[in-house]
Every structure is written in structure tokens, then in C-alpha cells.
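Each chain, letter by letter, is given below.
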Amino acid sequence: MKKVLFILIAIFLISPMMAQQQEGKSLGNFERLNKKDQVFTFKTTHGTARVTLFSPTIFKISLWGKSYRDLPSYAVIAKPQKVKFTFQENKDDFIIKTDSLELQITKSPLRFTFKTPDGKVINQDDNMGAYWLDGKLFCFKKLYPDEKFIGLGEKTGDLNRRGSAYTNWNTDNPNYENWSDPLYSTIPFYMGIHNGLNYGIFVDNTTKSVFNFGAGNNRFSYFSVDDGQVSYYFIYDQNVSGILKDYTHLTGRIKMPPIWGLGFQQCRWAYYPDKEVMEIAQTFRDKNIPLDVIYLDIKYMDAYKVFTWSPKGFPHPAQLVGNLKKMGIHTVVIIDPGIKVEKGYNVYDEGVKDNYFIKYPDGTNYTGQVWPGWCNFPDFTNPDVRTWWGTQFKGMVKDGVSGFWNDMNEIATWGKDVPPIIQMDWEGKHVSYLTGKNVYGMQMARATYEGTRKLMDGKRPLVLTRAGYAGLQRYTAIWTGDNHATDDHMMLGIRLINSFGLSGVPFAGDDVGGFQGNATPDLYARWVSIGTFCPFFRVHSTLNSNRSEPWSYGESTRALATHFIDLRYHLLPYIYSAFYEAHETGMPVQRSLSIEYTKDSTVYNPEFDNQYLFGPSLLVVPARSTQNAVKAYLPKGEWYSFYTDKKFNGNTEFFTGSPLDQLPVFVKAGAIIPVQKLIQNTGENPGDTLEIHIYAGTGNSHYVYYEDDGTTYNYEKGVYFKREITYDGNSKKIVLDAPEGTYQSKFKVLRFVLHGFGNSVKKVFVNGTGEIPETNSKSLYLANYQNPDDGVLTFTCPNSSQKIVLSW
């Protein structure tokens, strides 16, 4: 009887607690305020909310329950600016206002509403607001009827995320499809668009998170984090490009990449032995197919042990790498995080001796199984480990290796389940894997970049990662993992790269031709044509697939592939200048149309959301390998066919031919596109003439042309050549400002190629001196691609270090 009574009492006492936990609780009502400079801390019934003014357009919101753990951020490198603001307390609310953004905070309950300076609501908490349930923190936001959501990094699905939900938990997913989730990297940043307003939200929380953009309901969107506390940054700008500029101000921007990393790159699992590597390289040169990089996958190692060479397959690595370098080809090697458990293997021995590996709570090193067998894993959240890891590249760098490919860093292990209890250092703060997993790959790439940069005597390394977190762009390029040789994956890869661009990562790509499976000749040719207009351009295939070099598919496919690879090298001045813009402003190289044409509802149509701008002016309309014609959409303005100069009005849908030798590409009216002569690698001299293509249009067009040595960090000391070019179609004038920087341009002559000007240019004046342009001419460099019915107008002038004014 006593036992029964005890059980009944226990149920009576526990049931309300269980119900409370199940029902959850919100922040509750305002109780008191602590204000210090630009930081406002609101204590509430059930928790705390803190508002930090980061800039006039960026407000940081931190939310927690009973306690707050302040971990250093691996994503945010910016510091709060001194901000002019006003603060007002009213009976029912508080108002914090800068010249760009207003935040209203209601007291009962405490909720946030972000407004424009003139009072338009940009973003508003749902009535649920911040809400704890089963230890997780949810932030519910009002969902507007026409609201669209873009970004969130490496996520499948459509450009507009509305109606979808996603989980951030870096995962080795080798069989992903159009709606698979999660994938390899985590970037918890998205942008919302409604009623002519745009905002960004970056949730800087590395635990598992969920973003729901109205999936399963029409009331709210929300994000949730597993650890019950969050800091999110709210960003407002009138333009998506401005939001990206602010976001990359927070999380950092790309360093200028080595220019050879923008050339064509060939990879396979695996080229083995060294003789085969040289045969591949020599075949590229014999067939006059440009190439800058060859990758060595895991078979180059001794028993898959990182930082080693196979004594059988690669007995003389320095000689191999040196011979490739003489051919103008850089070597990139794969480096995984798993360190083989093997006494006598110096990397393992050092890691054990200095306690550099991730551990269980009882101090035992965590051991997981990957390619070498049982492995320990360095703790890259420990600064000493990052430094140690960087020194391990000394031998590789001495051998001449200049690129480093970090794979399997989700962490990926056989069995696909790393114990959540393992411990990570996190700059001495100590966390579990539940907090550290999503940053592991990024911190590995960081350690690789920082270490190799120190070792390479001022030269720029190329670092490539599979896993990452927000801010990864500061250290590395990224690719979309183990894709498949299908048209669906080719098209999905485009959207993934576009989404990376919307998330602050401009240097991204996929495995051209497909990593798994066997591409048809037509699929390979089409994929190469699309890869030509992609920031990172690498062919890669797996061990059990057919060969995937350009000549492997037959002579006609080789010719098609070479045709587009050649075009890539012609366009390098345009591409490099686009990377400079990314370096300066965070604007991606491959640009979703939603950046420039945000208010155009058609660009979100799944029929057209694969389209993108490559750089500022080239609009690419991807087509499947089986499509001889594809439906295209051109946004507002005027456009030209890249191939024929045929002119099109914008706001137009139409079918356009898409033969394999002419991927549909359109040029924006007013475009300024610099190109160079064909070279076989970026180490070759591109000649003394830079060709500048200008497409007739009305109004002003501005373009920044950029050059540096392409290999060192001297540009950080002002050793670069930067020139702003303005084309004014109304005033019939082209102005090239005097260049900035101390670098001398490689090009001594400028050859202007005018498209769409017809007979309107009879005489060109160069700084007042007249010259009659050559009519019905052709481009020196793009004649194999462009065949305008009426030809083009061309004229030349010296590449002066003074201002150049062209008029007609």
C-alpha cells in the first residue's frame, strides 16, 4: 500500500514538471534592463535577451535561459563599430534606432520587431518569440504571404527555400540527391525577401540547428539550436549585395587565390604510380589542352598515412613535382584528418606525446576507422594543434607541392557515427563533439592554410575542403562532395554553388563530369562547358568509374571540351577581376540572379533558378546534355548573345538553341569584359595585348579591372594594378582612370572590341587624338566563339599609366 501511495505521489509531483517541459516556455515578460554603451541586456521572466549594436545596419541578438556560456566565435572576426543611435523607453516598449535600422522591443511579452527608419516592418517575432522546448531554443518569426528565403549554404532544393526545412549537421553523404539533407558543410545564414524589403540573419551557433521556412505551416518561419542559447546577427540593407557585404564584413572575405587555382584542374581517384601522372600531364600538353593542376588522391601515400609518399608508387616525389612544375602544372595532394595508430609513425607519435588528439571524457584518445585503419584525430580547435599541424606540411612544401586538399573532415569514419561525448578544446573552453563537429572541417582548413602560408615563402597555397562552417572563405575553397554522373547532379551542383555564393563563399565548385558513375560523352562535354563558367573548375572521378580526361570520351568530345577550356583561359582577366571584387566586397563570382534582380519573381521560378551571372556581366543558361534547346529568361535591360551579338530585350522568356558547342550565354548591355590570348597554363606569358570587349548600352557602366602577380601576397602591400573603367553610352565616352597600385600591368596595348555599336562610331578620339576604327572586324582572341553578323569595331591604344578618355 505504501509503495502504491509513493508511486501516486511521484506521478502527482512529476507530471506537472513533465508537462511544463513538454509544453515549453518563452522568454516571458520584461523585468529589468542593464544598459552599457551599445549593449542592452533585458532580464525576463524566463531568460535574458541582449542587444549589441554592431554597426548601423547590424544588430546582434543574444538569447539564453538560466545561464550563458560565452564561447569564442570561429565565424565572426569583426568587432562592433562605434554607432550613433537613439534609445527610448516607453510604457509598453523600447526603441533602439540608428540611421539605418530600428528595433522595437515590446515588454509584455518581450518580442523583437525590426523596422526601416521610416517604419516599415522588415522582420518580426511571431507571438511565440524565443521558446525553449526539451532543452532546445526556437526563434519563431512571422511569415509573410509573399516572403522568399535564399542562401543557407550547401543546401539542396530550389533557390527559394520557402516551404522547406533544413538541418545543419556536417555529414558525409555520398549518395545525396535533389532533396537530400544535410550535406557536408554548415553555413547558418539566410536572407529573407518580402514587400520590397530584404534582410539577413546569421545564427552563429555550431550545434545542430534546424531552419524551417514555413515547412508544414503558414504561420511562421523559425530556427532552432540544440544547446538552448543563441546569438544571431540581424542585417538590413536595401540590396541583397549590401547584406552580403555586411555578412562578409562579419565573417571575413576571401584572400586573392593563386591564379593557377582558377585554371583547369584534373583529378582522379587515383593516378598511380608517378609514371601515370606524368603520362596524363604529357597528354594534356601533346593535345594542347590547357591545364594548371593535377591532384593526387589517397594512393600516393604510404599505406594511406598522411604526410607520407608511397615508396613504391612515388619513390621520388620532389622529382615528380619538379617535372610537373617545369610543364606549368601545380601539384595538389589530398590530406585527411585521420592519423594512423602506428607506433614509429612520427605524426602519430608526436600527437600522442603532446596530447594533440580528440579524447573521450576519461582522457583516452578517440579512435575511428578510415582509410589507414584505426586512426586518431587532431583537435583543430586547439591553437597548439593547429600550429603543429601546419608544421607537418614542411616536407610536402619542400617537395614543391603547392595545393592541399582536405577531405573526410566532417568527421567521416566507417560506421558514420562519431561518439557525441568526445571532447574538444575550443581555445581552452572545452566542449563536446555536439558543439565542435560543425567547425571541425573549417578549423582543419584553417590550420592547413595558416601552416602552408608560413612555409611557402610568400607564395599563395591552394586549399580545398569538403566540410566547413561560416567564415570558411577566409581559408579555403570548397567543393560539393561526392556527386554523380547524371544531368540531375550537374544541375543541382549549379544551385549548390549559387547558394554558396549567397552565403559568403565565392570559391566553390563541383566535380565536373561526376565523381561516381560513368558520364556519357555528351554529359561530360556539357558539364565542362558549364564548369568553364564556374569559380572552381575541376574534373574528378572515382576509382571504379571510366576515365574522365577530355580525350577519354572520343575525339569529338575532346574537341568540345578543349573548345571550352580554351575559353576559360581567354576569360581569365575577367574571372580574376571578379575574384578581386569578392575579396573587396563579398560579392560572389557565380551569382544567383536573386542578387541583382531581387524583386523579379521570375528568377525564383524553378524553371529558371539554375541561371546565374558569372561575374558581373555574363548570364549563363545551363542546359542538360540531352537538350538541343532550352527555355531562357532574361531579366530587365538589354542583352546580347555571346556568340552572335543578337540583341534581346529583357523581361523575356524564350527558347534558345543549346547545342553542345554553344552553351547559352548572354552578355549584359553596357558590359566591359577583358580577355587575353590563349595560354596553356597561367605561368605562360599572355602576350602584350589585353582585349577589352564593350557592349553597347545606355547609361553608365562601371567596371574594376584588377591585376597582380597572381602568386604572392605582395598585393597586400599595394603591389597591384587596379583600374576603374566607365562606359557612358549616352555621352559616347569610355574613361579609364589612372591605375592604382605599384604593379606594372603585363599588357602594354589595349585593343577595344565594340559590340552592337553598328555604324554609330565613325572616329574614335583617344585623349583628343582621332583614330578611325576598323569595321567588320573580329576579336583576336574570341574569333572561335563569336561570329557577329555585322562584325565588330576595333581600335587600339597604349596601356598608359595616365587617365585615358575615349570618345566618338
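Relevant structure appears above.
This text gives an overview of the structure that appears in the document. Here the structure is a predicted model, which is why all the values come from computation and not from measurement.

Calculation notes
Residues numbered from 1 in each chain as written. Predicted model: local features only at pLDDT ≥ 70, side-chain atom pairs only at ≥ 80, totals over all residues. Heavy atoms only, no water. Helix = DSSP H or I, 4+ residues; strand = E, 2+ residues; numbered from the N terminus. Rg over C-alpha atoms; globule rule 2.2 N^0.38 Å. Areas by Shrake-Rupley, 256 points an atom, 1.4 Å probe, with all protein chains shown as cover. Lys, Arg positive; Asp, Glu negative; His and termini not counted. Charge placed at Lys NZ, Arg CZ, Asp CG, Glu CD. 1 Å grid on protein atoms, 1.4 Å probe; cavity = no way out; pocket = protein on both sides within 12 Å on 5 of 7 lines; lining within 4 Å. Points joined across faces, edges and corners; volume = space filled by probe spheres on them. Nonpolar A, V, L, I, M, F, W, Y, C, P; charged D, E, K, R; others polar. Phe/Tyr/Trp six-rings, centres within 6.5 Å; stacked < 30°, edge-to-face > 60°. Buried < 20%, exposed > 50% of the residue type's maximum accessible area, 1.4 Å probe, protein only. Lys NZ or Arg CZ within 6 Å of the ring centre and 35° of its normal. Pairing = 2+ DSSP bridges. Axes fitted to C-alpha atoms, helices over the stretch in contact; angles between N-to-C directions. Contact = heavy atoms within 4.5 Å.

## A closer look at the overall build of the protein chain
From N to C terminus, the protein chain includes 13 helices and 53 strands. For a compact globule of 808 residues, the expected C-alpha radius of gyration is about 28 Å, and the protein chain comes in at 28 Å, within 12% of that figure. Once the C-alpha set of the protein chain is aligned to its principal axes, its extents read approximately 105 × 70 × 50 Å. Here the protein chain displays about 30,200 Å² of accessible surface, and carbon together with sulfur accounts for 49% of that area. Distance from the positive charge centre (85 side chains) to the negative charge centre (82 side chains) of the protein chain: 4 Å.

## A word on empty space enclosed by the protein
Empty space among the atoms becomes apparent when a probe as large as a water molecule is rolled across them. In this structure the tally under the stated criterion is nine cavities of 30 Å³ or more. The calculated volume of the largest cavity comes to roughly 140 Å³. Along its surface, the largest cavity is lined by 17 residues, and Lys-255, Pro-257, Tyr-449, Pro-461 and Tyr-475 are the ones closest to its centre. Partitioning the lining of the largest cavity into residue classes produces 12 nonpolar, two polar and three charged.

## Focus: the packing of aromatic side chains
Tallying each qualifying case throughout the model produces 70 aromatic pairs. Summarising the aromatic geometry, the rings of Phe-380 and Trp-389 are spaced 5.0 Å apart at their centres and angled 85° between planes, so their arrangement reads as edge-to-face. For Phe-380, a relative accessible area of 0% gives the class buried. Classification of Trp-389 by relative accessible area gives buried; the value is 0%. An aromatic cluster is built from Phe-114, Phe-149, Tyr-190, Tyr-199, Phe-211, Phe-213, Phe-223, Tyr-232 and Phe-234, whose rings are joined through pairwise contacts. A cation sits over an aromatic face here: Arg-453 above Tyr-713, 3.5 Å from the ring centre.

## Side note on the sheet that holds strand E51 (residues 774-777)
Judged by pairing direction, the sheet is mixed, and its five strands sit side by side in the order E43-E44-E48-E52-E51 without closing on themselves. Strands with a single pairing partner mark the edges of an open sheet, and in this sheet they are strand E43 (672-675) and E51. Averaged over neighbouring strand pairs, the angle between their axes works out to 30° when direction is ignored. Relative to strand E52 (residues 792-798), E51 is paired through two bridges, and the arrangement is antiparallel. Within the sheet, the bridge partner assigned to Glu-774 lies in E52 and is Thr-794. Sitting on the sheet, helix H12 (residues 572-585) touches E43 and strand E44 (689-695), and the angle it makes with E43 is about 120°.

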